Structures are given as C-alpha cells and as structure tokens.
Amino acid sequence: MTADVDRQPADAELVARFRRDPDEFTAVYDRYFRDVYRYAVGRLDVQAGEDIAAETFCVAFAQRDRFDLSRGGLRPWLFGIATNLVARHRRKEARHYKALMRTGTAPSAEGPESRVVASLAARGLQPQLLKALTKLNRGERDVVLLIALGQLSHEEVARTLGVADGTVRSRLSRARKKFQQLINREELDG
C-alpha cells in the first residue's frame, strides 16, 4: 500500500494528465523545478537563475501541447528550454566570469561559480577554471555546465541540446583538453 502512495507517475502519465487538464502541469513543476532552478542559478546569479527557472516553466506550460515524448522525457525538454533561456543571458555570464578573472578574487563559498568549480576540480584551481570557462565556445560550455550543474547524463545532455551523444562526448573532450592546456600553461607561468 505504501508503494502506491509514494509512487510518482511516469513522464508519459504526467503528459497525458496535463493534456487533459492544464492544472495537472503543477506535477511537472513540483517534480522538476528544483533541478532546473539549481542549474539556472549555477549558470547565472541567483536572481537571474530564479527568473530563468520560472520562465522555463512558463515557456513549457505554453508549449505543453507541442511536447513530444518520443524525443525524450520531460527533464531533458525542460533543461533544453532553460539552456536556451540562459543563452539569452550569455553576454552577462561571460562578462561576469571575465570580471572575476580580472579582479583575481575567488567567488564566495555559496556562489554559483564555486559550485561549478567544486564539480570540476579542487578549490585551488578556481581562477584557472574560471578563465577556462571563458575560453570554451557556447556548445562546450553548455555541455560542461549541464553535466556539472544540471547533473545530467551524456544522453540527457544530447536530448537537451538536440545533438548526438557523440557530439556531447566530443564537446566534453575538447573542453577537458582546453581546461588541461590552460592549467598546464598556468603552472609553467606560475
């Protein structure tokens, strides 16, 4: 009896419900908001991240009839929307990382940059990693941050970005090489 009470409906069931009754979309929000929020806040500052997370669900609600379950689950769909919305803030994001790099100050322990850096490497590499993030192209940065902040699998990242799994792997590989080259260069110069 407890298994039935604790059981969460599958994405297909949620989709069927919210297509019959738009009020049922709240179940999608309840299930996925925290993950989308964490990703958006990690990519941007808290205020912009909150706005992006909220807007993600507004866009998803407005486009709920166009959702295609055959292309993947709700989670990758929502992360795809969030990633597109974050792209609108890309200049702000790049300026933010460059400003941190120029000032040489480490982000606060509670800031989004520290969560990215903690996911990628030890705290001592923060300045190099922030600098490396500015050197990645959009596709590489999206892959790295979807994995590090969104905690998506390679397959989920592929569905989120609408690219092949191999593309995700190659972008991640190129990003890792760029990180390693920059870190090695800093060690030689340091």
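Residues numbered from 1 in each chain as written. Predicted model: local features only at pLDDT ≥ 70, side-chain atom pairs only at ≥ 80, totals over all residues. Heavy atoms only, no water.

## What about the packing of helix H9 (residues 138-148) against helix H10 (residues 154-161)?
The following threshold applies: Throughout, an axis means a line fitted to C-alpha atoms (over the contacting stretch in the case of helices), and angles, computed between N-to-C directions, take values from 0 to 180 degrees. Secondary structure elements are taken from DSSP: a helix is a run of H or I of four residues or more, a strand is a run of E of two residues or more, and numbering for both begins at the N terminus. Here the word oblique covers every angle except those under 35 degrees (roughly parallel), over 145 (roughly antiparallel) and from 65 to 115 (roughly perpendicular). Here a crossing is called left-handed whenever its near helix is offset anticlockwise from the far helix by less than a right angle, and right-handed whenever the offset is clockwise. By definition in these notes, contact holds between two residues if any of their heavy atoms fall within 4.5 Å. In this classification, Asp, Glu, Lys and Arg are treated as charged, Ala, Val, Leu, Ile, Met, Phe, Trp, Tyr, Cys and Pro as nonpolar, and every other residue, Gly included, as polar.
It is at 10 Å that the axes of H9 and H10 come closest, and there the two elements cross at 130°. Considering their axes alone, H9 and H10 lie oblique with respect to each other. In the crossing of H9 with H10, the sense of the turn from one axis to the other is right-handed. Within the contact between the two elements, H9 uses Asp 142, Val 143, Leu 146 and Ile 147 and H10 uses His 154, Val 157, Thr 160 and Leu 161. Of the residues that constitute the contact of H9 with H10, the class distribution is five nonpolar, two polar and one charged.

## Topic: the environment of Gly 150
With respect to the helices, strands and loops of the structure, Gly 150 is situated in the loop between H9 and H10. Sequence spacing of Gly 150 and Ala 40 is 110 residues, and the spatial spacing of their C-alpha atoms is 8.4 Å.

## Concerning the packing of aromatic side chains
Which entries qualify depends on this criterion: Think of it this way: a Phe, Tyr or Trp ring, Trp meaning its six-membered ring, pairs with another when their centres are within 6.5 Å, and the plane angle makes it stacked under 30 degrees, edge-to-face over 60, tilted otherwise. Between buried and exposed lies partly exposed: a residue is buried under 20% and exposed over 50% of the maximum accessible area for its type, with that area taken using a 1.4 Å probe on protein chains only. Charge-over-ring placement is defined geometrically: NZ (Lys) or CZ (Arg) within 6 Å of the ring centre, and within 35 degrees of the ring normal.
Within the structure shown, the criterion is met by eight aromatic pairs. Look at Tyr 29 and Phe 57: their rings are 5.2 Å apart centre to centre, the planes differ by 75°, and that puts the pair in the edge-to-face class. Residue Tyr 29 is located in helix H3 (residues 26-43), and its partner Phe 57 is located in helix H4 (residues 46-62); the two are separated by 28 residues in the primary sequence. We classify Phe 57 as buried; its relative accessible area is 5%. Ring pairing ties together the aromatic residues Tyr 29, Phe 33, Tyr 37 and Phe 57, which thus form one cluster. In this structure, Arg 64 packs its charged tip against the face of Phe 61, placed 4.0 Å from the ring centre.

## Quick notes on H3
Defined as follows: Expected helix span is computed as 1.5 Å times (number of residues minus one). The bend reported for a residue corresponds to the angle between axes fitted to the seven residues ending at that residue and the seven starting there.
In this model, H3 (18 residues) spans 24 Å end to end at C-alpha, consistent with the 26 Å of a helix rising 1.5 Å per residue. The sharpest bend along H3 reaches about 50° and sits at Tyr 32. Of the positions making up H3, those classed as buried are Val 28, Tyr 32, Asp 35, Val 36, Tyr 39, Ala 40, Val 41, Gly 42 and Arg 43.

## Quick word on the pattern of salt bridges
Defined as follows: By definition here, a salt bridge exists when the distance from a side-chain nitrogen of Lys or Arg to a carboxyl oxygen of Asp or Glu is within 4 Å.
Counted according to the given criterion, the structure contains eleven salt bridges. A salt bridge links Asp 11 to Arg 31, with the shortest nitrogen-to-oxygen separation between them at 3.4 Å. Linking Asp 11 in helix H2 (residues 11-20) with Arg 31 in helix H3, this pair joins segments that are 20 residues apart in sequence. The partner of Glu 140 in a salt bridge is Lys 178, and the shortest N-O contact between them spans 2.7 Å. Here Glu 140, found in helix H9, pairs with Lys 178, found in helix H11 (residues 165-189); they are 38 residues apart in sequence, far enough to count as distant.

## A word on the layout of surface pockets
The following threshold applies: In this analysis, the protein atoms alone were mapped onto a 1 Å grid. Cavities are point sets where a 1.4 Å probe fits without being able to get out; pockets are open sets with protein on both sides within 12 Å along at least five of seven lines; lining residues have an atom within 4 Å of a point. Grid points are joined across faces, edges and corners, and a volume is the space filled by probe spheres set on the points.
The computed volume of the largest pocket comes to approximately 440 Å³. Of all the elements in the fold, those that place two or more residues in the lining of the largest pocket are helix H5 (74-88), H9 and H10. Per element, the largest residue contribution to the lining of the largest pocket is six residues, and it comes from H5. Counted by class, the lining of the largest pocket contains six nonpolar, nine polar and six charged residues.

## Structural notes on the confidence of the model for the chain
Going by this rule: Values of pLDDT, ranging from 0 to 100, describe the predictor's confidence in every residue of the model.
Per-residue pLDDT for the chain averages 80, and the proportion of residues at 70 or more is 77%. A low-confidence stretch, residues 1-5 stays under pLDDT 50, and its non-local contacts, those more than four residues away or across chains, total zero contacts.

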